[in-house]
Amino acid sequence: MSYVTEPRGWDSQPLLERESEVLAIQRAVDLLCGISARGPATRLGGVLTFAGSAGIGKTTLLNEARRHAGERSCTVLFARGGEQERQVPFHVMRQLIQPALAAMNEDERRDALGNWYSIVAPALGLTAAPKGPTGPDPQGVRDGLDWVVTHLAVRNAPVVLIVDDAHWADSESLTWLTSFAARAEELAMLIMVACRPDEIPADAGSLRALMGRQGSRPHELAPLTTSAVARIVRDALGESADDVFCRECWAITGGNPFEVVELAMKGRDRELKPHQENIPQLRDLASAVKGSGLIDRLEQLGPSTVRFAWAAAVLGTAVPIGIVGGVAALGEAQAAEAIDQLRGARILTVLTSVRRKEVVEFFHPLIATAVYRSIPPGVRVAMHGMAAQALVDDGQGSAVAARHLLEMHPDGDPWVVQQLRQAARESFSAGAPDAARRYLARALREPPDVEDRAEVLFELGSANLLHDPATTINQLRAALEEPKTDQGLREAITYRLAQALAHTGQLAEAAGLLAEEARRATSSRTRLRMQAEQFKWNSVRVDEENSPGRSRLLSQFAKRLTGRGLPERHILGLRAWDAAMRGEHASTALEYAQQALDGGMSWTDQDFGFEVPAVVAVTLMYCDQPGRAEDLFNTAILEFEAKGWRGAHLSFVYTLLGYVRYRRGRLAEAEDFVRNGLAIADRVGHGIPAQWYAVGTLIETLLARGNTAEAQRVAHTYKLADGFPNAVVYPDPQAVWGKLLLAQGRIEEAEHHLTAAGRRLDLRGTRNPSWSPWQLDLVLAQATHAPELARATAAEAVSRARAFGTSSVIGHALRVAAAATDAAQASGLLQEAVDHLEQSPAACELAHALIDHGTALHTIGDPHLAAQQVYRGMELAAACGADGLASRARALLASAGLRPRRLHASEQDTLTVAEHTAAGHAALGLDNRAIATAMHTDPQAVSELLSAVFTKLGTDRLGLHRALEV
């Protein structure tokens, strides 16, 4: 689409007093194209910004940029914000992208957008909104737009992206632009933005930041000097223009280029002689250039022409002539006559859109603003209503018409409610929930018919859930109170209200609501679903009054269920989770987890949520089946990304995937996953549950790596110790804080927090040291000053670990118990710990046990076996990324007069792969020692063995590749 603001016939005139800005543009474009004064160079992208008041020449300057970029064979993506369109989601993005895709057929567009098609196509106006209750979250759409523009930048390089009047850009496009701009340099892409700084909205801080990016100031356009104004006047009116006349032109216009040019052109049209004695006539002309004078001049063109101009102002930019004429209630001949008059008066111009339709556009935004504000209020409201109807009738959809519906007075019109609700659904599908909230709130004020009111309240409450859960609660409570609500809708409202209560920490209220609605339900299916939701929210309540009672009830329920439907499978999944938390034998937890999984569970079912599939996966992890847990989390990532859910949901899964890697001893990978999860959580908001999960897991991982200082920095940054959440979080935040204090040598404080965490968890019946090893950390704190108490605590922890029965937790408990005994007893406990851990996936814990065992053996006088164990532990610790533990082993060997054995590179690689597949060793009945020995005797057999291991596990393809290379 082409836009112009300067008068036709003046395009070839030089830009006056803009030499430095033009030079900056030319240099930036040339650098983008790899052109420098010294010859070919590396392509460099960046951001160039221009600021100035209305009419100061920003658009003319950007037109010069487009012209120069075209001469350099650049691909130019151009868009302009519109005063009337700033509430239309992705209005600017559509202008940028649609022309690049206009010449493609549907298959070519799908190919160009790749796997992001279903996520970004609705936002770009390329496809109708898909049916269904869910849509991508805003971050998912922004990520998709990142991919699309990056793809265009690479495929069509060099690319110049230009946004004019950015102060009027819609918030969705502006959020994308300001975040994407940071990538301009790495993509060798040039971004240019122009705006009026005094008109940047208060909530558009990101645009202000972009305009002053990296501390640099935008190019601020100054008014023209008297000499430049004189040049324009003399070009238009003749060289005879005297200095006094030219200076008066400058004084009247303030050196504003738009006003100077308009005044000069009006003078030429009136054949005004540019002499001092004609200054009074000059002032009369100046009053007609803008404001009331412009409107007076418009009204002189006749009522039909005025109505056409009003309709164009109401409809906004680039609207087909036929629609404008229809809203103005003019026939084709009348519309054509009006256009001719408005073009002659330099008020409107006619352009050709990317769809090859003739569209009208105001000569300058200043004129559009003046015309719109001149429309009588009643007429303006009526015209917005006509515009909405015309756009819907033209097939442009409810979302395009919605901004006009927002301007209408509420009148109880069912058609308006219907269109606003449809616009809200389309906005959800496009990843624009803010717009959806605006439309639904307006629909509620219309108001809807009584029988539709509960449904509108439900839709509005659902729209506000992530943005403003407190408002959601009020709206959904109001929906429940509506008299005409069918049972299916009432159930949906109840589930969503419980979800909102839970998200705001009101877990008891959520459970109470579900219990009350379950009692009211007449359907056994409904009662079962309500009870499943009640179990779910009670399971994460810190203040649950009778957690053991709830556990017994859940156990009784689960015994009667077969997993026929999703509610039954969710109850079975919660039973598996509860069994794991309470330390029942792992086989019980696994049995229920398997029943829950047999019928399938969706991660993206908005009604049921993703919490139960997540706890089932974590149950598998605690039960020493991390490979299966990772498979479930990988499925979750695929489902979330396919839906465009890249917010809190994805943060949870990345964090939990990191937690699995942490427990497997793959600490570097764990840290990467958790940091990704934390970064996503930070983008979503501060203090959300996803952030708590990520912070605790990251601190645990950093402590395992021996990086206590970084763990402390994370805890300080996120204020871990300032208050713990009132919901169940794993790893438990207070226990994590106690562990960090212990690592810092703050024994008394550590003991206090670990004891408090343990007391709280025991009251809930959470007794599994695999879920929260607070007892094991407490043993280490107590051992420094109360060995008898430490031994008693250790004995209880070992008993609980044996009750759960997994090799990893038994081995961990035995290793810690050894720290509270003498060396002779410790050696036996540590040997047993090593035996258990060799059959587990806990590689880092095995390394710890080996080093502790070697230390104990050295103390009781068995240096040969001691060195062997410490060597093994050191190598495994290094492979796990436990740098602090590996350093401790090296120091231990050095103090005993032994030097670490140097490994060949291939041997080190092989050991790393082997030790990282401890779960595979257990699956095939092997231990680490057997693998390490086989490395020296039959590498081919080991390669085949590892291939079988990875085939069985179905994970870690990189490790498989490395194993096969060896």
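From a predicted model like this one, the values you see are computed outputs, not experimental measurements.

1. Description of the overall build of the protein
When its secondary structure is counted, the protein shows 49 helices and ten strands. Looking at the protein as a whole, 58% of its 966 residues qualify as buried. Summed over its atoms, the accessible surface of the protein is roughly 39,100 Å², and 51% of this surface lies on carbon and sulfur atoms.

2. Describing the sheet that holds strand S10 (residues 358–362)
The three strands lie next to each other as S8-S10-S9, forming an open sheet whose pairing is antiparallel. Looking at strand neighbours, the two that pair on one side only are strand S8 (319–320) and strand S9 (348–352), the edges of this open sheet. The pairing of S9 with S10 spans five bridges and is classified as antiparallel. Pairing of Thr352 across the sheet is with Glu358, part of S10. Packed on one face of the sheet, helix H16 (residues 332–344) meets S9 and S10 and runs near 110° to S9.

3. Topic: the packing of aromatic side chains
Applying the stated rule across the entire model yields 15 aromatic pairs. Aromatic side chains Phe640 and Trp645 sit 6.0 Å apart centroid to centroid with 25° between the ring planes, which places their arrangement in the stacked category. Trp645 shares its class with Phe640; the two are buried. Residues Tyr693 and Tyr730 carry aromatic rings whose centres are separated by 4.9 Å and whose planes lie at 85° to one another, so their mutual orientation is edge-to-face. In this pair, Tyr693 is assigned in helix H34 (residues 689–705) and Tyr730 in the loop between helix H35 (708–717) and helix H36 (733–743), connecting sequence segments 37 residues apart. Members of the aromatic cluster, each reached through a chain of ring pairs, are Trp577, Trp603, Phe610, Tyr622, Phe633, Phe640, Trp645, Phe652, Tyr693, Tyr730 and Trp771.

4. What about the nonpolar core?
Residues Leu96, Leu161 and Phe308 are the most contacted members of the largest nonpolar core, which totals 132 residues. The residues contacting Phe308, other than those within four sequence positions of it, are Ile321, Val324, Gly325, Ala328, Leu330, Ala335, Ala338, Ile339, Leu342, Leu348 and Val360. Membership of the second largest hydrophobic core comes to 127 residues, among which are Leu698, Ala711, Ala817 and Tyr871.

5. Some details on the environment of Ala424
Secondary-structure assignment places Ala424 in helix H20 (residues 414–429). Judged by its relative accessible area of 2%, Ala424 is buried. Considered as a pair, Ala424 and Ala402 are 22 residues apart in the sequence and their alpha carbons are 8.8 Å apart. Excluding anything up to four places from it in sequence, Ala424 contacts Ala436, Tyr439 and Leu440.

6. Quick word on the confidence of the model for the protein
Chain-level pLDDT for the protein is 87 on average; 89% of the residues reach the 70-or-more range. For the protein, the element scoring lowest by mean pLDDT is helix H49 (residues 957–965), at 37; helix H40 (residues 807–818) scores highest, at 97. Per-residue pLDDT stays below 50 along residues 1–12; that stretch engages in 42 contacts with residues further than four places along the chain or on separate chains. Note that residues 903–943 has pLDDT below 50 and, in this model, 72 contacts with residues that lie over four places away or in other chains.

7. Some points on the sheet that holds strand S6 (residues 189–195)
Across the sheet, which stays open at both edges, the five strands sit in the order S4-S5-S6-S3-S7 with parallel pairing between neighbours. Taken across any chain shown, the strands that pair with only one partner, and hence form the sheet edges, are strand S4 (75–80) and strand S7 (219–220). Against the sheet, helix H1 (residues 19–32) touches strand S3 (46–51), strand S5 (159–164), S6 and S7, its axis set at about 155° to S6. On top of the sheet, helix H3 (residues 91–101) reaches S4 and S5; it is set at about 150° to S4, its chief contact.

8. So, the pattern of salt bridges
Under the defined criterion, the tally for this structure stands at 55 salt bridges. Here Arg575 ties to Glu584 by a salt bridge, and the two come within 3.0 Å at their closest N and O atoms. A relative accessible area of 26% means that Glu584 is categorised as partly exposed. Linking Arg664 and Glu630 is a salt bridge whose minimum nitrogen-to-oxygen distance equals 3.0 Å. Remark: Glu630 occurs in helix H31 (residues 626–643) and Arg664 occurs in helix H32 (residues 648–664); sequence separation between them is 34 residues.

9. Some remarks on empty space enclosed by the protein
One pass over the structure, following the stated rule, counts five cavities of 30 Å³ or more. What lines the largest cavity is a set of 22 residues, among which Gly316, Thr317, Phe362, Pro365 and Ala368 lie closest to the centre. A per-element tally of the lining of the largest cavity places helix H17 (residues 365–374) first, with four residues. Each residue belonging to the lining of the largest cavity can be placed in one class, and the counts come to ten nonpolar, seven polar and five charged.

What counts and how
Residues numbered from 1 in each chain as written. Predicted model: local features only at pLDDT ≥ 70, side-chain atom pairs only at ≥ 80, totals over all residues. Heavy atoms only, no water. Helix = DSSP H or I, 4+ residues; strand = E, 2+ residues; numbered from the N terminus. Buried < 20%, exposed > 50% of the residue type's maximum accessible area, 1.4 Å probe, protein only. Areas by Shrake-Rupley, 256 points an atom, 1.4 Å probe, with all protein chains shown as cover. Pairing = 2+ DSSP bridges. Contact = heavy atoms within 4.5 Å. Axes fitted to C-alpha atoms, helices over the stretch in contact; angles between N-to-C directions. Phe/Tyr/Trp six-rings, centres within 6.5 Å; stacked < 30°, edge-to-face > 60°. Core = buried A, V, L, I, M, F, W, Y, C linked by side-chain atoms within 4.5 Å. pLDDT = per-residue confidence, 0-100. Salt bridge = Lys/Arg side-chain N within 4 Å of Asp/Glu carboxyl O. 1 Å grid on protein atoms, 1.4 Å probe; cavity = no way out; pocket = protein on both sides within 12 Å on 5 of 7 lines; lining within 4 Å. Points joined across faces, edges and corners; volume = space filled by probe spheres on them. Nonpolar A, V, L, I, M, F, W, Y, C, P; charged D, E, K, R; others polar.

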